[in-house]
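Here are the chains, one letter per residue:
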Amino acid sequence: MSHTNHQPVKTRLQRSELAVPGSNPSMIEKAADSAADYVFLDLEDAVAPLDKIAARKNIIEALNDIDWKAKGKTICIRINGLDTHYMYRDVVEIVEQAGQHLDTILVPKVGVPADLYMVEAMCNQIEQAKGFTHKIGLEALIETALGMANVEAIAQASPRLEAMHFGVADYAASNRARTVVIGGLNPDYPGDQWHYALSRMTVACRAYGLRAIDGPFGDFSDPDSYILAAKRAAALGLEGKWAIHPSQIALANDVFSPPESELIRAKGILSALAEAQAKGQGAAQLDGKMIDAASARMAENVVNVANIIASKGK
C-alpha cells in the first residue's frame, strides 16, 4: 500500500438518489416519504426559467418544514450552473435561510476545480455569518468533456467534496455521442459506450476517498434496461444511481444492496482468514479457492455496506 492513502471523506448510504423538481411541492412531500436513500431538490434542468424563483422558495420551505433526517433521508439541492445568473441566489438564499437542514449541494457541469472553489467560498462565508455548526458537503456532477478531462483534479478540489456523479445526458451532448435514450446504449456500439467514462470517474473517486454515483436512465417505462445499467455501474464500483421516477427507487436499492448469498460468502471469507491468521497463515482456502488479504478487503466492502443498510432499517 502506498504511503499516500486518502480515506473516505464521508460515508453515506446513496443506493438510490431521487431527483425532484423544486417547482413541484407535492412531489417534494412524496419524496420525503419514499424509500429513496437520497433526495435532491432540483433547481436546474427540471425547472423552467420562469419557475426558478418559486422553486427556490419551495425548497427553503421544504428544508425547514420536513424532518428529512427523521425520515432517513440525506437531503441535497442541485443548484443552477455557474454560467447562469440564478446560481448565486440559489446558494445565498437557500443556505442562509435553510442551510442548517441541508446535507449537500450538487454542483452541475463541473468542468474545472475552480468551479467547486466558488461554491465552497460562498458556503464558508454564509456558514460563518450564520453560525452554522455543520459544514455542507459538495457533490460534483461530471457531465461534460471538460469535466471528464479534469476529473482527477476535480476530485482533489475541495475538502467539502464528498461525491461525483456521472451525468450521462449532457455528457453525451458534450461529446456529440449518438444515443437512443438517456443512459441507454446505442446498438451500433459493441458493448457499453459509457464504460470508459464511468470507470474513469470511479477511479478518481476511489483514489481520493469520494463516493461514485451513476446518473439517470431516462426511460422509466423500461425497468429491465434500468436494472442492467445499474448492474453495470455496480460492477465497476459505483455505489448508487439516480431515480428520475419513483418506480426506479426500489430497482436501485435492490441492485446496490449486497445479495444475501454475497454477504454470506463475504462473512465466510473473513472468518476463514481470521482462522488462518490465528494459525500464522497469510492465506486460506474456501470452497476450493485461495483467499488472502485482498479477498478480505473486498469482503469488508460488502459487509460494511450491509451494515450501513441494516442500520437504516431497510
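The coordinates are above.
These numbers were taken from a predicted model, which means no experiment stands behind them. (Residues numbered from 1 in each chain as written. Predicted model: local features only at pLDDT ≥ 70, side-chain atom pairs only at ≥ 80, totals over all residues. Heavy atoms only, no water.)

Enquirer: Give a detailed account of the overall build of the protein chain, specifying residues and quantitative values.
Expert: In terms of helices and strands, the protein chain carries 12 helices and 10 strands. For 314 residues, the compact-globule formula gives about 20 Å, and the C-alpha radius of gyration of the protein chain, at 20 Å, lands near that figure. In the protein chain, buried positions account for 48% of the 314 residues. When contacts within the protein chain are restricted to residue pairs at least 6 apart in sequence, those whose partners lie at least 24 apart make up 71%. Surface summary for the protein chain: the accessible area is close to 15,200 Å², and the carbon and sulfur share equals 54%. Side-chain charges of the protein chain comprise 31 positive and 38 negative groups, with the mean position of each set lying 3 Å from the other. (Helix = DSSP H or I, 4+ residues; strand = E, 2+ residues; numbered from the N terminus. Rg over C-alpha atoms; globule rule 2.2 N^0.38 Å. Buried < 20%, exposed > 50% of the residue type's maximum accessible area, 1.4 Å probe, protein only. Contact = heavy atoms within 4.5 Å. Areas by Shrake-Rupley, 256 points an atom, 1.4 Å probe, with all protein chains shown as cover. Lys, Arg positive; Asp, Glu negative; His and termini not counted. Charge placed at Lys NZ, Arg CZ, Asp CG, Glu CD.)

Enquirer: Before we move on, could you go through the side chain of R160 and cite the residues and values that matter?
Expert: On the secondary structure map, R160 appears in the loop between helix 6 (151-155) and strand 6 (161-166). For R160, a relative accessible area of 5% translates into the label buried. For R160, the contacting residues outside a window of four places in its chain are E120, C123, N124, E127, K135, I136, G137 and L138.

Enquirer: For the pattern of salt bridges, give the residues involved together with the corresponding values.
Expert: For the coordinates displayed, the defined rule picks out 21 salt bridges. With a shortest N-O distance of 4.0 Å, R211 and E139 are connected by a salt bridge. Of this pair, R211 sits in strand 7 (residues 211-214) while E139 sits in strand 5 (residues 137-142), and the two are 72 residues apart along the sequence. For R211, a relative accessible area of 2% translates into the label buried. Accessibility expressed as a relative area gives 0% for E139, which makes it buried. Between K241 and D214 there is a salt bridge, and its shortest N-O distance comes to 3.0 Å. (Salt bridge = Lys/Arg side-chain N within 4 Å of Asp/Glu carboxyl O.)

Enquirer: Describe in detail helix 4 (residues 113-130), supporting the description with residues and values.
Expert: A rise of 1.5 Å per residue sets the reference length of helix 4, with its 18 residues, at 26 Å; its end C-alpha atoms lie 26 Å apart and thus fit the reference within 8%. Of the positions making up helix 4, those classed as buried are D115, L116, V119, E120, M122, C123, I126 and E127. Buried residues of helix 4, seen end-on, are gathered within an arc of 165 degrees and therefore sit on one face of the element. Those residues of helix 4 that are exposed and angled more than 90 degrees off the buried face are A114, Y117, Q125, Q128 and A129. Considering only its buried residues, helix 4 is in contact with helix 3 (87-98), strand 4 (104-107), strand 5, helix 6 and strand 6. Directly beyond the C-terminal end of helix 4, a positive phi value near 70 degrees is found at G131. (Expected span 1.5 Å × (residues − 1). Arc of directions from axis to C-beta.)

Enquirer: Break down the packing of aromatic side chains for me, with residues and values.
Expert: Scanning the model with the defined rule gives 4 aromatic pairs in all. Ring plane angle 65 degrees and centroid distance 5.1 Å describe the contact between F166 and Y171, whose orientation is recorded as edge-to-face. Overall, the relative accessible area of 1% leaves F166 in the buried class. In this structure Y171 comes out as buried when scored by relative accessible area, which is 10%. Judged by centre distance (6.4 Å) and plane angle (55 degrees), the ring pair of F166 and W194 falls under tilted. Taken together, the positions of F166 in strand 6 and W194 in the loop between helix 7 (168-174) and helix 8 (195-207) put the pair 28 residues apart, joining distant regions of the chain. W194 gets classed as buried once you look at its relative accessible area, which sits at 5%. By the ring-pair criterion, three or more aromatic residues cluster together here, those being F166, Y171 and W194. (Phe/Tyr/Trp six-rings, centres within 6.5 Å; stacked < 30°, edge-to-face > 60°.)

Enquirer: Lay out the nonpolar core in plain terms, naming residues and giving numbers.
Expert: The biggest cluster of nonpolar side chains holds 70 residues, and the ones touching the most others in it are V39, L41, W68, I105, M164, F166 and M201. What V39 contacts, discounting residues up to four positions off in sequence, is L18, V20, A31, W68, K73, T74, I75 and C76. Counting 12 residues, the second-largest nonpolar core is a separate cluster that includes A296, V302, V303 and A306. (Core = buried A, V, L, I, M, F, W, Y, C linked by side-chain atoms within 4.5 Å.)

Enquirer: How would you sum up the packing of helix 3 against helix 4? Please name residues and give values.
Expert: It is the contact of helix 3 with helix 4, at a shortest axis distance of 10 Å, that shows an interaxial angle of 30 degrees. The angle between helix 3 and helix 4 places the two elements in the roughly parallel class. Two packed elements cross with a definite hand, and for helix 3 against helix 4 that hand is right-handed. Of the residues in helix 4, those in contact with M87, Y88, V91, V92, V95 and E96 of helix 3 are M118, V119, M122, I126 and K130. For the contact of helix 3 with helix 4, the per-class residue count stands at 9 nonpolar, no polar and 2 charged. (Axes fitted to C-alpha atoms, helices over the stretch in contact; angles between N-to-C directions. Parallel < 35°, antiparallel > 145°, perpendicular 65-115°, else oblique. Left-handed = near helix turned anticlockwise from the far one by under 90°. Nonpolar A, V, L, I, M, F, W, Y, C, P; charged D, E, K, R; others polar.)

Enquirer: Describe the environment of C123, listing the residues and the values that go with them.
Expert: With respect to the helices, strands and loops of the structure, C123 is situated in helix 4. Among the residues examined, C123 registers a relative accessible area of 0% and is labelled buried. Residues C123 and K71 lie 52 residues apart in sequence; the distance between their C-alpha atoms is 25 Å. Setting aside its immediate chain neighbours within four residues, C123 contacts I105 and R160.

Enquirer: Any chance you could break down the pairing of strand 7 for me, citing the residues and the numbers?
Expert: Across a regular strand the side chains alternate sides, sitting on one face of the sheet and then on the other. The two faces of strand 7 match: R211 and I213 on one face and A212 and D214 on the other face are all buried. Looking at chain direction, strand 6 and strand 7 are connected through 4 bridges and run parallel. For M164, the partnering residue across the bridge sits in strand 7 and is A212. (Pairing = 2+ DSSP bridges.)

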